[in-house]
Amino acid sequence: MNGHSAVAGALVALALLGIGSASASPEPTPTSLARTIAEARRLEQSGKPDVAIERLKSAREHHRSSETLVLALAAAYLADHNPFWALNVLSEHSATYPPACQARAWAAWVQIGQANLDEAEVWLETDECSEPPELRARFLVLRALIAHHRQRASEAAVLLARARGVGHLYAEDRELLDHLSARYQPGRLPLLSFSLELAAGVTSNGLAGVPVDTQSRVDADSTVVLLGAYARVVGSNSGLVRPVFELDARAQELVRDAVQDYSYRQLALRPGVLLGRRIPRLELRYAVEAVQLQGGDRYQSGPVWYSEAHRGEYELEATHNLSVFGGAGYRLIRDRARTRFELDEGAVWGTPLGAGTNLIVGASARWYSARVSAYTELGATALAQLDMRLPSQLGLRVNASLSGDAYPHSEGYFPSAADRERSEMLTRASGGLWWPAASPLRGGIEYAYTRRDSTATDYSYIDHRALLRIQWSDDSDRLGTTTVPREGRVTLETGLRGSASRGPTGTSVRELLRQDESAQRSSSCLK
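Model, not experiment: these values are computed from the prediction.

Parameters at a glance
Residues numbered from 1 in each chain as written. Predicted model: local features only at pLDDT ≥ 70, side-chain atom pairs only at ≥ 80, totals over all residues. Heavy atoms only, no water. Helix = DSSP H or I, 4+ residues; strand = E, 2+ residues; numbered from the N terminus. Phe/Tyr/Trp six-rings, centres within 6.5 Å; stacked < 30°, edge-to-face > 60°. Lys NZ or Arg CZ within 6 Å of the ring centre and 35° of its normal. Disulfide = S-S within 2.5 Å. Buried < 20%, exposed > 50% of the residue type's maximum accessible area, 1.4 Å probe, protein only. Expected span 1.5 Å × (residues − 1).

Draft legend 1. View of unusual backbone geometry. Between Pro-98 and Pro-99 the backbone carries a cis peptide bond, its omega angle lying at 5°. Looking at the secondary structure, you find Pro-99 in the loop between α5 (83-96) and α6 (101-113). A cis amide bond links Glu-131 to the next residue, Pro-132, at an omega of 0°. By secondary structure assignment, the location of Pro-132 is in the loop between α7 (117-124) and α8 (133-149). Even without being glycine, Gln-151 reaches a positive phi, approximately 60°. Checked against the element boundaries, Gln-151 lands in the loop between α8 and α9 (153-166). The phi dihedral of Ala-418 falls on the positive side, at around 60°, and the residue is not glycine. Its place among the elements puts Ala-418 in the loop between β12 (395-406) and β13 (423-435).

So this is what it looks like as structure tokens:
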């Protein structure tokens, strides 16, 4: 009996052990851990960081050594406005699993936020966190941030230069680097910046935006191809006077035979100088522009050089948000009645409206004194552009403009205006989606609506245009730099996501003005 009892007891014990093992929660897999972290981030964004904290703490029981999980938990505590416990879990992990470089960097960030600069500096004092390179750059950027709070401008500038030289940056660290550089390296500009673009689609009126002052035609719909190239070179950042050179090349090709002759190419060269290192900063340029029209005229078969302009231009960066620009010069046009002296002035203001949202608004005025007074023109334009970051790396861009032009000496000159002066109102609106929004190389789809109402009714038109676009915009700073995207990791949120680092100046403003000018050009051949 005793032997049988011993065997029975062993079997019962094994059964109970098996039941206990079966009832225990299975250890989370790396996949389920990633899912837990992603779910926690969604809870934080929906205003439930306390729920996220509980789920992450539960997962941490099975993954004590996971630094990613510790970062996610610290992020949840920060979202819950609890930096004490964020620092607590980061400190515990750093002490238990050294060198814990990411945890050290996060701890330094929390200490900086609490104005504990000496403590923050201690977290960054290590020789064990030099790899990968983007982590080394993070330590340098955080040290530059400490120098910023201590008002040590020269030290901050040196550290920012070293961080940029690493060549690998986390996306959020690049934003912080650009933000600090705007203050401590204000005169610094990329040696080269450029943009290349290809677009193709359909237009209901291929004559919209062509250089010729042509009357509207019913059968002007066509497939359209647009090409664009822009480059800007700035000399050494060390001087108060720096040379600047811009090249801008554009082409519009209309495929349909009925309007193919109105295809055109445009080239602009703008050598100049940049005066001043800090904002306010003034740029002075000499501009020469030429437009070639595919079709000819009664004097010459095409293609022909339709117009040529020589202008003096300026652009003043008055503040980080405000730019003022203008120019004056002479434009020779093959239609000699329209050859003119021109003067224009304008201003653009831009500001971030929140994380991932930027607004640009502007206004301009122009006066063109033509060889034949009927083409002398007074006009003004108001415009706006909104850029928004959307989920899944999508970007939304919406812009609109309203332009009015008057020809005060044109009474009786344009037959379809009868005995009235020619005057026009042009409305333009467009919207497009881009993907991936933050990438230098991205694709997009765009719809644009343009309407011109003219007292000379033959010049009124409506254009619907749908385009597929691919664009590559970059500069020499970023060409040699790898940016580690946010996807697939826990990001150190700095509050700068999607913010504008260089104010309203640059390619975005020039492109907005170029779109507005192109829409008006068939009535006045704007530059």
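Having seen the model, we can carry on.
Draft legend 2. Structural context of the packing of aromatic side chains. The final tally for this structure, using the stated rule, is nine aromatic pairs. Plain terms: the ring middles of Phe-194 and Trp-472 are 4.8 Å apart, the flat faces sit at 85° to each other, and that makes the pair edge-to-face. Taken together, the residues Phe-194 in strand β2 (residues 192-203) and Trp-472 in strand β15 (residues 461-475) connect sequence positions 278 residues apart. Through successive ring pairs, a cluster of aromatic residues spans Tyr-375, Tyr-407, Tyr-413, Phe-414 and Tyr-459. Seen from the ring of Tyr-407, Arg-422 lies directly overhead, with NZ or CZ sitting 4.9 Å from the centre. Directly above the ring of Trp-434 sits Arg-442, whose terminal nitrogen or CZ lies 4.3 Å from the centroid.

Draft legend 3. Structural view of the state of the cysteines. According to the stated counting rule, one finds one disulfide in the structure shown. Across a sulfur-sulfur distance of 2.0 Å, Cys-101 and Cys-129 are joined as a disulfide pair. Looking along the S-S bond of the Cys-101-Cys-129 disulfide, the torsion reads about -85°, which is the left-handed sense. Of this pair, Cys-101 sits in helix α6 while Cys-129 is found in the loop between α7 and α8, placing the two residues 28 residues apart along the sequence. A relative accessible area of 5% places Cys-129 in the buried class.

Draft legend 4. Focus on helix α4 (residues 67-79). Here α4 is 13 residues long and its end C-alpha atoms lie 18 Å apart, about the 18 Å a rise of 1.5 Å per residue gives. Among the residues of α4, Leu-69, Val-70, Leu-71, Ala-72, Leu-73, Ala-74, Ala-75, Ala-76 and Tyr-77 are the ones counted as buried.

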